[in-house]
Amino acid sequence: MTQITEREKRYLEKAISLSRTGMRSGKGGPFGCIIVKGDEIVGEGVNQVTSSNDPTAHAEVVAIRMACEKLGTYQLTDCEIYTSCEPCPMCLGAIYWARPARVIYANTRSEAAAIEFDDDFIYRELAAAISERKIPFLHIPHPDAVAVFEEWKNWEGKIKY
């Protein structure tokens, strides 16, 4: 087991407490997350999938949105994410786009699967050839779509991310 500092323990326990609070309040599943910059919590979230009818309202995504809004940035390079559970594939993608310094989590994805939050299907779908995915993905090339990409490529006002 990895050694944890008192600071890390305190923040991880805050994320776990949020997971319990969110679950008990009926907002969604038992997941909580905080984002810390220095010694300040700049974002926090609980799973709100069922209460908001938003399949993307996972604790990590909610916390990332809050932190980015508070900090006025789309990247969290100087931040740490503390989450009650190993992030799902969607949250993992959001975390990589946000570029935090690190992620600390409590429960594992196999522990989540044991309570019927099984992301293995999505991990398998990500690795599958597009033609083998359970949800059909149809590639329909279009010259207007290519033109928009060309315009972006040459646009001097773009902000790269």
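Reference entry: report on the structure contained in this document. In this text, all values refer to a predicted model and were calculated from it rather than measured experimentally.

Criteria and thresholds
- Residues numbered from 1 in each chain as written.
- Predicted model: local features only at pLDDT ≥ 70, side-chain atom pairs only at ≥ 80, totals over all residues.
- Heavy atoms only, no water.
- Helix = DSSP H or I, 4+ residues; strand = E, 2+ residues; numbered from the N terminus.
- Buried < 20%, exposed > 50% of the residue type's maximum accessible area, 1.4 Å probe, protein only.
- Phe/Tyr/Trp six-rings, centres within 6.5 Å; stacked < 30°, edge-to-face > 60°.
- Lys NZ or Arg CZ within 6 Å of the ring centre and 35° of its normal.
- Core = buried A, V, L, I, M, F, W, Y, C linked by side-chain atoms within 4.5 Å.
- Contact = heavy atoms within 4.5 Å.
- Expected span 1.5 Å × (residues − 1).
- Polar contact = N/O pair within 3.5 Å; in protein donor to acceptor, adjacent residues only side chain to side chain.

Working note: non-glycine residues mostly have negative phi, and peptide bonds are mostly trans. If you check the backbone angles, N53 has positive phi at about 55 degrees while not being a glycine. For N53, the location among the structural elements is in the loop between helix 2 (49-52) and helix 3 (59-71). The class for N53 is exposed, based on a relative accessible area of 69%.

We now examine the packing of aromatic side chains. Per the stated rule, a full pass over the model turns up five aromatic pairs. Their ring planes at 70 degrees and their centres at 6.2 Å tell us that Y74 and Y161 sit as a pair that is edge-to-face. With Y74 in the loop between helix 3 and strand 3 (79-85) and Y161 in the segment after helix 7 (143-154), this residue pair connects regions lying 87 residues apart in the sequence. For Y74, a relative accessible area of 43% puts it in the partly exposed group. An aromatic cluster of three or more residues is present, and its members are Y74, W97 and Y161. Here the basic side chain of R109 rests over the ring of Y123, its NZ or CZ set 4.0 Å away from the ring centre.

What follows is about the nonpolar core. Judged by nonpolar contacts, the single largest core of 16 residues is most densely connected at I35, I64, L76 and I81. Looking at this core, the elements with two or more residues in it are strand 1 (32-37), helix 3, strand 3 and helix 4 (89-98). Apart from the residues lying within four places of it in its own chain, the contact partners of I35 are E40, I41, V42, G43, A63, I64, A67, L76, C79, E80 and I81. By size, the runner-up hydrophobic cluster in this structure holds nine residues, among which are L12, L18, I34 and I104.

Right, let's talk about helix 7 for a bit. Taking 1.5 Å per residue as the helical rise, helix 7 with its 12 residues ought to reach 16 Å, and the 17 Å between its terminal C-alpha atoms agrees with that figure. Burial within helix 7 is sparse, with just zero of its 12 residues counted as buried.

All right, on to the environment of A63 then. Within the secondary structure, A63 is located in helix 3. It is 8.8 Å that separates the C-alpha atoms of A63 and I81, two residues lying 18 residues apart in sequence. Excluding residues within four positions of it along the chain, A63 makes contact with C33, I35, G43, E44 and G45.

In this section: the side chain of S19. Note on placement: S19 falls in helix 1 (residues 6-24). In this structure S19 comes out as buried when scored by relative accessible area, which is 9%. The contact partners of S19, leaving out residues within four places of it in the chain, are P30, F31, G32 and S84.

Within the element layout of this structure, E8 appears in helix 1. A polar atom in the side chain of E8 sits 2.6 Å from the side chain of R102. Setting aside anything within four residues of it in sequence, one finds E8 in contact with Q3, Y82 and R102.

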